[in-house]
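# Observations on the model geometry
Given next are the chains, with one letter for each unit.
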Amino acid sequence: MSLSFQDEYIKKESLHGAQNYSPLSVVLERGEGAYLWDVDDNKYLDMVSAYSAVSHGHSHPELIKTIQDQAQKLAITSRAFYTEPFANFLESLTKVSGFESVLTMNTGAEAVETAIKAARRWGYFTKGIPENKAEIIVADGNFHGRTTTIVSFSTDSSYKDGFGPFTPGFESANYCGSCDCESLNSCISIESFERKINKNTCAILVEPIQGEAGIRVPKDGWLLKLRELCTSNNILLILDEIQSGLGRTGKLFAYQHENIKPDGLILGKALGGAMLPISAFLSSKEVMDHFNAGSHGSTFGGNPLATKVASRALELLYEDNLIENSHILGDYFKSKLKSIDNKIIKDVRGKGLWIGMELNESEVNAKDLCLMLLNEGLLCKETHKTVIRFAPPLMITKEQLDWAIKKITKVIRSV
Ligand SMILES: *Cc1c(COP(=O)(O)O)cnc(C)c1O
């Protein structure tokens, strides 16, 4: 594989760009479906999907058409005016999700900020928490984005070192995926959430599965317990499904595995059909109506171009059978990965097409393994040195997965 052409771009990036990422040494040029090609025309199967933003596959022809048509008509207006794509998107998303009201932003972090503002206003104006006293409980190991407020309640020092002073009003409890307790009844996680609750608590904000932390999957029943805890204490349960939502775990939303409903839901990533950034906060009117004109906003949030694409992307979730595919092929992929059975693999876990393979640290480094997989034509990304996550586009086929499994098996046996 010749890398000369690619070296030039890699050098340019490190010369002129901030070094806030450490990408694998491959320069990508185009994508189609589950495949990507680099500038030297080498072909790869995508197992990263832009951190689960590419559920529909790269360059979906229907979404390209939608984007072209709408861009020719009207792309950006700001929310100073009404538009048809925005109105119809709101109607579609409320219908599909079952939530009454939507506030659109662009990036995931902005939607999380929106949820925090909504929870605080609800806390002050509905629950009656004294001014500036509202508290939100989050979980250790969380990832909710990169703004200064959001990193304030991160427990990962690489996200927050040197970025203080931090925003007050957040408490952190134990996430369930990290404890070894026998059953939920003795779960230290639920207990630690319970301990953090007081009369000023307005919300609990968690990810149903922690992605960035290494695909940490809580015990069955954990979310239900959190739901009960929130209901009995008059606290909002807000779920960050920016990555787990829209079919990634084999259900439309990850919370549906537990038959609960949160009070607030945060979406992003795949919402834009792998084309444009768009994110949303969803809730009841009771919560959302605490926003009034002037209290929150975004120049690009809810623009006609992004909302047109997002509406079509929502339809395609069903037309392209993405949710069911994620469920069926996710189970298949996980069982195949489990059956590799090698001493370098410590654990395989996940739901739908969102799987983490934890490696034994003493045997191999996850980034090295990603480099080996890259040489076999498989794009994967490590997280926290020991976990490789597999998150292919949800439109991937069984044949493509079988090919990937063969390559993964080969690489693991060669270590
Ligand atoms: C990616 C992600 C975010 C942040 O989204 P951005 O678009 O990068 O701001 C927040 N929460 C979760 C769970 C995510 O996976």
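The structure under discussion appears in the preceding block.
Below is a summary of the structure that appears in this document. Bear in mind the structure is a predicted one, so any value in this text is a computation, not a measurement.

## Some points on the overall build of the protein chain
Of the regular secondary structure elements, the protein chain holds 14 helices and 15 strands. Taking 2.2 N^0.38 as the reference for a compact globule, 415 residues should give roughly 22 Å; the C-alpha atoms of the protein chain span a radius of gyration of 21 Å, in line with that estimate. Based on the C-alpha atoms only, the size of the protein chain along its principal axes is roughly 65 × 60 × 45 Å. Taken across its 415 residues, the protein chain has 54% of its residues classed as buried. Looking at the protein chain alone, contacts between residues at least 24 apart form 72% of all its contacts between residues at least 6 apart. Just so you have it, the protein chain exposes about 18700 Å², and 50% of that area is on carbon and sulfur atoms. Looking at the protein chain, you have 45 positive and 51 negative side-chain charges, and the mean spots of the two groups are 1 Å apart.

## Digging into the packing of helix α4 (residues 84-97) against helix α11 (residues 304-319)
Interhelical geometry of α4 versus α11 gives an angle of 30° and a closest axis separation of 8 Å. The way α4 lies across α11 gives a crossing that is left-handed. Across from E84, P85, F86, N88, F89, S92, L93 and V96 in α4, the residues of α11 making contact are P304, T307, K308, A310, S311, L314 and Y318. Classifying every residue of the contact of α4 with α11 gives nine nonpolar, four polar and two charged.

## Focus on the layout of surface pockets
Where empty space is left can be seen by rolling a probe of water-molecule size over the atoms. In this structure, the largest pocket encloses a volume near 1100 Å³. Along its surface, the largest pocket is lined by 38 residues, and Y21, Y51, F143, R146 and E212 are the ones closest to its centre. Those elements that place two or more of their residues in the lining of the largest pocket are α2 (49-52), α5 (108-127), α7 (157-160) and β14 (381-383). Ranked by residues supplied to the lining of the largest pocket, first place goes to β14 with three residues. Here the lining of the largest pocket gathers at least three residues from each of two domains, domain 1 (3-56 + 321-414) and domain 2 (62-319). In this structure, the second largest pocket occupies an estimated 740 Å³ of space. Around the second largest pocket, the lining is made up of 25 residues, and of these Y21, S22, P23, L24 and V26 lie nearest the centre. For the lining of the second largest pocket, the elements supplying multiple residues, two or more each, are α1 (4-16) and α2. When its residues are assigned to classes, the lining of the second largest pocket shows 14 nonpolar, eight polar and three charged.

## Observations concerning unusual backbone geometry
A cis amide bond links G164 with the next residue in sequence, P165, at an omega value of 0°. Residue placement: P165 occurs in the loop between α7 and β6 (170-173). In this structure, S49 takes a positive phi of about 55° despite not being glycine. With respect to the helices and strands, S49 occurs in helix α2. Phi is positive for S52, which is not a glycine, with a value near 75°. Its location among the elements puts S52 in helix α2.

## Remarks on the packing of helix α13 (residues 366-375) against helix α14 (residues 398-414)
As a packed pair, α13 and α14 sit with axes 10 Å apart at the nearest point and diverge in direction by 130°. Classified by the angle their axes make, α13 and α14 are oblique. Both α13 and α14 take part in a crossing whose hand is right-handed. The segment α13 lies against α14, with L369, M372 and L373 engaging K407, I408, V411, I412 and S414.

## A few points about the environment of D156
Structurally, D156 can be placed in the loop between α6 (148-152) and α7. Residue D156 is classed as buried on the basis of its relative accessible area of 18%. In the structure, D156 is positioned 207 residues away from E363 in sequence and 24 Å away in space, judged by C-alpha atoms.

## Some details on the pairing of strand β8 (residues 236-240)
With respect to burial, β8 is a largely interior element, five of its five residues being buried. Residues L236, I238 and D240 point to one face of β8 and L237 and L239 to the other, with burial holding for every one of them. As paired elements, strand β7 (residues 201-206) and β8 share four bridges and run parallel to each other. Bridged to V206 within β8 is L239.

## A short note on empty space enclosed by the protein
Enumeration according to the criterion identifies two cavities of 30 Å³ or more in this entry. In this structure, the largest cavity occupies an estimated 100 Å³ of space. Contributing to the lining of the largest cavity are P208, I209, P218, K219, D220, W222, L223, A254, H257, E258 and K351. Classifying every residue of the lining of the largest cavity by side-chain character gives six nonpolar, one polar and four charged. Of the voids in this model, the second largest cavity is the one considered here, and its volume is about 40 Å³. H56, L246, A270, L271, A310, A313, L314 and L317 are the residues that line the second largest cavity. Residues of the lining of the second largest cavity, tallied by class, amount to seven nonpolar, one polar and no charged.

Calculation notes
- Residues numbered from 1 in each chain as written.
- Predicted model: local features only at pLDDT ≥ 70, side-chain atom pairs only at ≥ 80, totals over all residues.
- Heavy atoms only, no water.
- Helix = DSSP H or I, 4+ residues; strand = E, 2+ residues; numbered from the N terminus.
- Rg over C-alpha atoms; globule rule 2.2 N^0.38 Å.
- Buried < 20%, exposed > 50% of the residue type's maximum accessible area, 1.4 Å probe, protein only.
- Contact = heavy atoms within 4.5 Å.
- Areas by Shrake-Rupley, 256 points an atom, 1.4 Å probe, with all protein chains shown as cover.
- Lys, Arg positive; Asp, Glu negative; His and termini not counted.
- Charge placed at Lys NZ, Arg CZ, Asp CG, Glu CD.
- Axes fitted to C-alpha atoms, helices over the stretch in contact; angles between N-to-C directions.
- Left-handed = near helix turned anticlockwise from the far one by under 90°.
- Nonpolar A, V, L, I, M, F, W, Y, C, P; charged D, E, K, R; others polar.
- 1 Å grid on protein atoms, 1.4 Å probe; cavity = no way out; pocket = protein on both sides within 12 Å on 5 of 7 lines; lining within 4 Å.
- Points joined across faces, edges and corners; volume = space filled by probe spheres on them.
- Domains from an automatic or database assignment.
- Parallel < 35°, antiparallel > 145°, perpendicular 65-115°, else oblique.
- Pairing = 2+ DSSP bridges.

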